[in-house]
Amino acid sequence: FLWGVGSSAYQTEGAWDKDGKGPSIWDAFTHEKEEVFMNETADSSCEGYYKVKDDIQLLKELKVNHYLISISWPRIMPTGIKKEQVNEKGIKFYNDTINSLLENKIIPIVTLYHWDLPQVLQEKYGGWQNISMISYFNDYANLCFEKFGDRVKYWITFNNPWAVAEEGYETGEHAPGLKLSGIGAYKAAHHIIKTHAKVWHSYNKTWRSKQQGMVGISLTSAWGEPVDLTSQKDIEAAERYVQFYLGWFANPIYSGDYPEVMKNYVGKKSAQQGLGTSRLPTFSVQEKSYIKGTSDFLGLSHFTTRYIIQKNYSALKGPSYHTDRDLVELVDPKWPNPGSKWLYSVPWGFRRLLNFIKAQYGNPLIYVTENGVSEKLQCIQLCDEWRIEYLKGYINEMLKAINDGINVKGYTVWSLLDKFEWNKGYSERFGLYHVDFKKGNKPRYPKASVYYYKMIISANGFPNPREVKSWHQKAIETCSITNQLLAADPLTTHMEMVTEIVVPTVFTLCILISAILLMFLLRKHN
C-alpha cells in the first residue's frame, strides 16, 4: 500500500517566466482578469522550482512512499506545440526532480495536466473548446514518456477534468475564465475524454512494453446522499448528482459512453430550449469502443459530501450544467467546516463513494490522489487539530472500504505545502507544512498533522485507540514547540528587513551623496 502526499506545478513552482518557460492560461488569468482573491498570483508561490532538494527533505521526514507531482506543459513546451519549441531547461528540471525522488526511495506519480494549459493554445485555438488539443496534448504526453518514462511508472493524464470544464468554461471562475453556460463545459469535457483515450492508446502501443508503466486519470467527486431515504425522487437525485460529477468522465472510460441519466436530462432540457440536438455531445460507435477501457487505474480525489434533494428547474431560464441536473445541494450545519466554504468534513461519504465506484465500474484499481482539508488563514495555525481529525476520519473510512473489498492501493494527502489555491489565492491553506509567503525564501514549518500522518504511515494504518490517542498528544506538543520558535521570529524578520532593505538603501544614498559632493568640488575647482 502506498502512502504519499501531493502538489501541482502551477500552485507551487513559481518561476513563471524563468529558464524558457512559456505563459500558461493561469499566468494570463491571474495577471489580467482580476478574478483572484486580493489579485494574488503564483508568480513565485512556494519557489518550488528552486527548492526541490528542501522539499524532498520534508518528504523524507514524513517517510512517504510516493510523491504526486505534475509537469507544467508550458515549461517544457513554451507554446504547447512540439514542432515550434522544446525547452531543454524545463526537461532538465523534471529529470532532476524525478532522479532526486528515486535516489531518496520515493516513487514519483506524475500528472501530465493539472490545469496549466499553454496560453498560446488558448489564444490561437480556444483551448479545450477545440478538437486540435487532442493532437497537441498527445505530442506533449509522448515527449514526457520519451524523456521520463524509463523511471516514471505511474502516469495520470488529467487531474480533475470536471473543474477544468465546469469552472474554466461554464462559470468562468477558473482560467481561462469563459462563461459558455450549458455548452462550454460539455464541449471541453468531450475533448478531454477523447484526449485521455488517445494518450492511453499511445502509451499502450509505443511505450508500455519497454517501460512497464501504468496510465490512469484522476477524477474528483463529492458523495451525494439523499435527504429523505424514503423518497424515490431524492434517491434518484442523489445518484444523478454523482453521475453528473464522477460519471461524466468515468462512465465513458469504463463503460464507453456518458451516463444514461446525463444523456436523458441534457437531451430533454435541450429539446425544451428549442435546440435540434442535445447540448451534450455524442460519441460515435468507433469512439465508444476506442475510449472504453482506457485506464489502468482510477485516481480518485475526494474531499466532501452533500445532501441532495430533487428540484425541477425550468428549461426556459437558459442552458446551464447546474440546472440540467434538477437537484439542490444541501449541507448539515453540524458538519465541521474549518476552511474552504465548500469543504465540510463528512468521513462516511468517502466509504459510500468507494462502494459506488466498485458497483458501477467493476471494482477498478484505485489510488486516492487527493484528500485533505484547508484552513482560512487568519493567523499562523500550526496546531491543526481539525486536520488531524479529518485525516483520521477519512483514512479510517477508506480502510473500512478496503475491508468491504474495494481495490484501493494508495492514499495521497492533499497537500505537502500551503500553496496558491487558484481563484482563492493564498487565503486557503491545504498544506501539512505552513509556508510563509511574506518571506523571500518561503520557509516551511511543520504543522501538527505532519507528525500524525507520519505515524499513520509508519503503522500502515491505525494500530489501537490508545496508541492513536498518544499520536494526537505528541503531535500537539510538537507544534507547540514550533509555535514558540515562530513567536521569536519577528526579531529575525526585523533583522532580515534591515539587511535586505535598509542597508542597501543607505548604501545607495551614500553613493548619491558622494557623487553630488564630488560634482560640487569639481565645479568649485573649475
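Not measured: the values here are computed from a predicted model.

## A word on the UniProt feature "active site" (unreviewed entry) in the protein chain
The positions that UniProt labels "active site" (unreviewed entry) are, in the present scheme, Glu370. Relative to the helices and strands, Glu370 is located in strand 10 (residues 366-371). The buried category is assigned to Glu370, whose relative accessible area is 6%. In this structure, Glu370 is in contact with His114, Asn159, Leu300, Ser301, His302, Phe303, Thr412 and Trp414, ignoring residues within four places of it in sequence. Only 2.9 Å separates the side chain of Glu370 from the side chain of Asn159, close enough to count as a polar contact.

## Focus on the pairing of strand 3 (residues 107-113)
For strand 3, a buried count of six out of seven residues is recorded, marking the element as mostly surrounded by other parts of the structure. Of the strand pairs in this sheet, strand 3 and strand 4 (residues 154-159) are connected by four bridges, and their pairing is parallel. In the sheet register, Tyr113 faces strand 4, and the bridge partner there is Phe158.

## Quick word on the sheet that holds strand 8 (residues 305-310)
Where strands meet in a sheet, backbone hydrogen bonds hold them as pairs that are either parallel or antiparallel. The sheet built from three strands is open, its strands ordered 6-8-9 with mixed pairing. Each edge of the sheet is formed by a strand with only one pairing partner; in this case those strands are strand 6 (223-226) and strand 9 (327-330). In this sheet, neighbouring strand axes are inclined to one another by 40 degrees on average, regardless of whether the strands run parallel or antiparallel. Two elements, strand 8 and strand 9, share four bridges in a ladder whose sense is antiparallel. Paired with Tyr307 across the strands is Leu330, a residue of strand 9. Across the sheet, helix 10 (residues 232-255) touches strand 6, strand 8 and strand 9, and the angle it forms with strand 8 is around 130 degrees. In the packing of helix 14 (residues 348-361) onto the sheet, the strands contacted are strand 6 and strand 8, and the crossing angle to strand 6 comes to about 100 degrees.

## Things to note about the packing of helix 9 (residues 184-211) against helix 10
Look at helix 9 against helix 10: their axes get within 10 Å of each other, and the N-to-C directions meet at 35 degrees. Crossing of helix 9 over helix 10 shows right-handed handedness. Mapping the contact onto sequence places Ala185, Tyr186, Ala189, Ile193 and His196 in helix 9 and Phe244, Trp248, Phe249, Pro252 and Ile253 in helix 10. Considering only residue class, the contact of helix 9 with helix 10 consists of nine nonpolar, one polar and no charged.

What counts and what doesn't
- Within each chain, residue numbers correspond to sequence positions counted from 1 in written order.
- Reporting in this predicted model follows two pLDDT cut-offs: at least 70 for local features of residues, and 80 or more for side-chain atom pairs to be given and counted; totals over whole chains, interfaces and linings ignore these cut-offs and use all residues.
- The side-chain values count all of the structure's non-hydrogen atoms but skip hydrogen atoms and water molecules.
- UniProt positions are given in the numbering used here, feature names are shortened, and annotations may be inferred rather than shown by experiment.
- Starting at the N terminus, helices and strands are each numbered in turn, a helix being any DSSP run of H or I of at least four residues and a strand any DSSP run of E of at least two.
- Type-normalised accessible area, obtained with a 1.4 Å probe on protein chains alone, sets the label of each residue: buried when under 20%, exposed when over 50%, and partly exposed for intermediate values.
- Any two residues whose heavy atoms approach within 4.5 Å at even a single point are treated as in contact.
- By the criterion applied in these results, polar contacts are pairs of N or O atoms within 3.5 Å in which, for protein atoms, one can donate a hydrogen and the other can accept it, and in which residues neighboring in sequence qualify only through two side-chain atoms.
- The criterion for strand pairing is that DSSP finds at least two bridges linking the strands in question.
- Axes here refer to lines fitted to C-alpha atoms; in helices the fit is confined to the stretch in contact. Angles between the N-to-C directions go from 0 to 180 degrees.
- Crossings are sorted by hand: turned counterclockwise from the far helix by less than a right angle, the near helix makes the crossing left-handed, and turned clockwise it makes it right-handed.
- Each residue is assigned to one class: nonpolar for Ala, Val, Leu, Ile, Met, Phe, Trp, Tyr, Cys and Pro, charged for Asp, Glu, Lys and Arg, and polar for all the others, Gly among them.

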